[in-house]
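Here are the chains, one letter per residue:
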Amino acid sequence: MADTTTTVYALSKPDKGKQDWDVPLNTNFDTIDQGLACARTHYRIKTLTFAGAMNIQFEPAYAEYYLAATGNITSMVLDWSKMFKANKPGNAVTVQLRILPSANISIAWPSNVVWMNGAVPRLNGTKVMRIQFVFASDHQMVKGSFMGWEG
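No experiment lies behind these values; they were computed from the predicted model shown. Throughout, residues of each chain are indexed from 1 in the direction in which the sequence is written. Only residues with pLDDT of at least 70 get local features here, since the model is predicted, and only at 80 or more are side-chain atom pairs given and counted; chain-wide, interface and lining totals rely on the full set of residues. Hydrogen atoms and water are omitted, and side-chain values are computed over all heavy atoms in the structure.

Visitor: Mind laying out the overall build of the protein chain, listing which residues take part and the relevant values?
Guide: Every helix listed is a DSSP run of H or I at least four residues long, and every strand listed is a run of E at least two residues long, numbered separately from the N terminus. Each helix and strand counted, the protein chain has 1 helix and 10 strands in total. For the protein chain, the N- to C-terminal ordering of α and β elements is β-β-α-β-β-β-β-β-β-β-β. Burial classification: accessible surface area is computed with a 1.4 Å probe over protein chains only, and a residue below 20% of its type maximum counts as buried, one above 50% as exposed, and the rest as partly exposed. In the protein chain, which comprises 151 residues, the share counted as buried stands at 36%. Contacts are assigned to residue pairs with any non-hydrogen atoms lying within 4.5 Å of each other. Across the protein chain, contacts joining residues at least 24 apart in sequence account for 45% of those joining residues at least 6 apart. Taken as a whole, the protein chain presents about 9,400 Å² of accessible surface, with 55% of it coming from carbon and sulfur. Accessible surface is estimated by sampling points in the Shrake-Rupley manner with a 1.4 Å probe; for residues, cover comes only from the protein chains shown.

Visitor: Describe the nonpolar core, and please don't skip the residues or the numbers.
Guide: In this description, a nonpolar core means a group of buried Ala, Val, Leu, Ile, Met, Phe, Trp, Tyr and Cys residues linked to one another through side-chain atoms lying within 4.5 Å. Among the nonpolar cores identified, the biggest contains 25 residues, and Leu67, Met76, Leu78, Trp80, Leu97, Trp109 and Phe133 are the most heavily contacted of them. At the level of secondary structure, the elements contributing two or more residues to this core comprise β4 (53-57), β5 (64-69), β6 (75-79), β7 (92-99), β8 (113-115) and β9 (128-136).

Visitor: Outline the pattern of salt bridges, listing residues and values.
Guide: Here, a salt bridge means any side-chain nitrogen of Lys or Arg that lies within 4 Å of a carboxyl oxygen of Asp or Glu. By the definition in use, this model includes 1 salt bridge. With its nearest N and O atoms 2.5 Å apart, the salt bridge here joins lysine 18 to aspartate 3. One end of the pair, lysine 18, is in the loop between β2 (12-13) and α1 (22-40); the other, aspartate 3, is in the segment before β1 (4-5), and 15 residues separate them in sequence. Judged by relative accessible area, which is 32%, aspartate 3 ranks as partly exposed.

Visitor: Before we move on, could you go through the pairing of β7 and cite the residues and values that matter?
Guide: With 6 of 8 residues buried, β7 lies mostly within the body of the structure. A pair of strands counts as paired when DSSP detects no fewer than two bridges linking them. Relative to β7, β5 is paired through 4 bridges, and the arrangement is parallel. In the sheet register, tyrosine 65 faces β7, and the bridge partner there is leucine 97. Judged from the 8 bridges that link them, β7 and β9 form a sheet pairing that is antiparallel. In the strand pairing of β9, valine 95 is matched with phenylalanine 133.

Visitor: Kindly report on the packing of aromatic side chains, identifying the contributing residues and their values.
Guide: Stacked, tilted and edge-to-face are the three classes assigned to paired rings of Phe, Tyr and Trp, where Trp is represented by its six-membered ring and a pair needs centres within 6.5 Å; plane angles under 30 degrees give stacked, over 60 edge-to-face, the rest tilted. All chains considered together, the criterion is met by 4 aromatic pairs. Both rings, one in tryptophan 109 and one in phenylalanine 133, keep their centres 6.3 Å apart while their planes meet at 55°; by these two values the pair is tilted. With tryptophan 109 in the loop between β7 and β8 and phenylalanine 133 in strand β9, the pair connects residues that are 24 residues apart, well separated along the chain. Both residues of the pair, tryptophan 109 and phenylalanine 133, belong to the buried class.

Visitor: Run through the environment of threonine 94, naming residues and quoting values.
Guide: Relative to the assigned elements, threonine 94 resides in strand β7. Residues threonine 94 and valine 134 lie 40 residues apart in sequence; the distance between their C-alpha atoms is 4.5 Å.

Visitor: An account of the side chain of arginine 130 is needed here, citing residue identities and associated values.
Guide: Mapped onto the elements of the fold, arginine 130 is located in strand β9. Setting aside chain neighbours within four positions, we find arginine 130 in contact with Glu64, Gln96, Leu97, Arg98, Ser145, Phe146, Met147, Gly148 and Glu150.

Visitor: Give me unusual backbone geometry: which residues, what numbers.
Guide: The backbone of aspartate 20 shows a phi angle near 60°, a positive value even though the residue is not glycine. Since its relative accessible area comes to 56%, aspartate 20 is described here as exposed. Within the chain, asparagine 117 stands out as a residue other than glycine whose phi angle is a positive 60°. Relative to the elements of secondary structure, asparagine 117 occurs in the loop between β8 and β9. When its relative accessible area of 81% is taken as the criterion, asparagine 117 is described as exposed.

See the structure below:
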């Protein structure tokens, strides 16, 4: 009988009596360790202060970003390249962007974001806005959703 894999995480299940079963087992432990490391760093926050053309490069150590916009953001690029050095194909990455209140600013959202219900979020000059982005490693579409106001 051949080796099989688990349905959710594709961990290897070596066949009974297989020689060198330690190799897939060690790979499984590496996968589990990496997953636990991602969960442990979930609440780390990075603050970005910016105006003009903006490139946000998401990093595995951070799951939430504060954006203090000091002026109009004329364009925005969401760069996921560092995230997928730590994730396997088929995985999805979720990050939250909290936009601190600034009066009279505008944000040009990336064109590859598909907004839930087709609703592009509008800024409020007095409250913190929370946006969530989900990006899957096997395609280039980003799903964006407005998560609510704070304050």
